[in-house]
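# Chain and residue survey
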Amino acid sequence: MPNLTTFSGGTGLISREDLAKSLNNTAQSLPSGGGDKQFLKMDKNNGDWLFGQEETVVEPDSLWAINPASFKHGWVAWDSNAGGAPVQEIMVPINRPFQSVDTLPELGMGSPDKRGNRVQLEYQQQRSVDLVCISGEDEGVVVEYKQSSVGAMKLFGKLTNALLDQLNSHPDEIVAVGNLTFDAYTHKKYGRIHNPEFKIVEWRSMDDTSPAETTAERMARLRATSALEEQPK
C-alpha cells in the first residue's frame, strides 16, 4: 500500500488534535488538487465510478484508501448555460475556517439560456478528498473526489463522522480503506437515482504499506476464522 504521506499536491499532515477539531468544524457546516491527481466522479445514470480524462471505469472490487489529511471544504459557483470550468471556486483545507458565504466575491448574472433569459449565479458548498488505489489494475493511481451534489455531501458527512469515531477509538489507524460503490433508489419524477457510497472494510495507519486483501481473499480469511471459532473445544 502506498504511503499516504506522499500524496501529490496534498495539504500536509496536521496533528490528530487539529484534525479532530477541524473534522468537527466541517461536520457542523455540512448540510442534512493538483499535481498528477486525476478527477474522480460517479456516473449518476448507472453508478459507475470514473476517473481521468478518458473516464476509466473503476474496478468494482478494487480497494481505495482515503488520505485523512486531504479533506477540503469551500464553495463553488457554476454557470449551467456556459459549461466548462466553474465561474468561481474557493477551497481550503479543513484545518482552516469555513468561509461564510456573505464574505465571498460577488457573482454576476449567468449566461442566457435558449430563450435569452439570465439568472443570478449562486454559490454551493463543496467538499473534496484524495484517494489512492491500493489493489487491482489501477494500483497507485491518485485521484481527487470533489463534488457539491446532495448525494456527495451526504457521503462526505458519513466519511467525516466515521473518521471522527475512529479518532476517538483507534487514533493510530485513521486511513479508511474500502470500495467505491453506490446506493440506488427510484424517484417518481427522475427515475432511478444513484448516490455515491464508500464501503469501509478496514482502517490502517498512515505508514502501513502492507499488501491489500482482495474481497475474495478477505472473505476466505473471515470464513476460515469463523470456522475455527465454531470448532468444539
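Everything here concerns the structure above.
Residues numbered from 1 in each chain as written. Predicted model: local features only at pLDDT ≥ 70, side-chain atom pairs only at ≥ 80, totals over all residues. Heavy atoms only, no water.

This part is about the packing of aromatic side chains. Here the structure, examined in full by the defined rule, presents five aromatic pairs. Their ring planes at 35° and their centres at 5.3 Å tell us that Trp-75 and Phe-98 sit as a pair that is tilted. Taken as a pair, Trp-75 in strand β5 (residues 72–77) and Phe-98 in the loop between β6 (88–93) and β7 (124–133) lie far apart in primary sequence, 23 residues in all. Judged by relative accessible area, which is 25%, Phe-98 ranks as partly exposed. An angle of 75° between the planes, with centres 6.5 Å apart, marks the rings of Trp-75 and Tyr-123 as edge-to-face. Taken together, the residues Trp-75 in strand β5 and Tyr-123 in the loop between β6 and β7 connect sequence positions 48 residues apart. Residues Trp-75 and Tyr-123 agree in their burial class; the two are buried. Following the ring pairs from residue to residue traces out a cluster consisting of Trp-49, Tyr-145 and Phe-156. (Phe/Tyr/Trp six-rings, centres within 6.5 Å; stacked < 30°, edge-to-face > 60°. Helix = DSSP H or I, 4+ residues; strand = E, 2+ residues; numbered from the N terminus. Buried < 20%, exposed > 50% of the residue type's maximum accessible area, 1.4 Å probe, protein only.)

Right, let's get into the pattern of salt bridges. If you walk through the whole model with that rule in mind, you get six salt bridges. Put simply, Glu-55 and Lys-41 hold a salt bridge, and the shortest N to O gap is 2.6 Å. Separated by 14 residues along the polypeptide, Glu-55 in the loop between β2 (49–51) and β3 (56–57) and Lys-41 in strand β1 (residues 38–42) bring together distant segments of the chain. When its relative accessible area of 28% is taken as the criterion, Lys-41 is described as partly exposed. The closest approach of N and O atoms between Lys-146 and Glu-89, which form a salt bridge, is 3.3 Å. (Salt bridge = Lys/Arg side-chain N within 4 Å of Asp/Glu carboxyl O.)

Time to look at helix α2 (residues 150–169). Between its terminal C-alpha atoms α2 stretches 29 Å, which fits the 28 Å expected from 20 residues at 1.5 Å a residue. Among all positions of α2, only Gly-151, Ala-152, Met-153, Leu-155, Phe-156, Gly-157, Leu-159, Thr-160, Leu-163, Leu-164, Gln-166 and Leu-167 are buried. (Expected span 1.5 Å × (residues − 1).)

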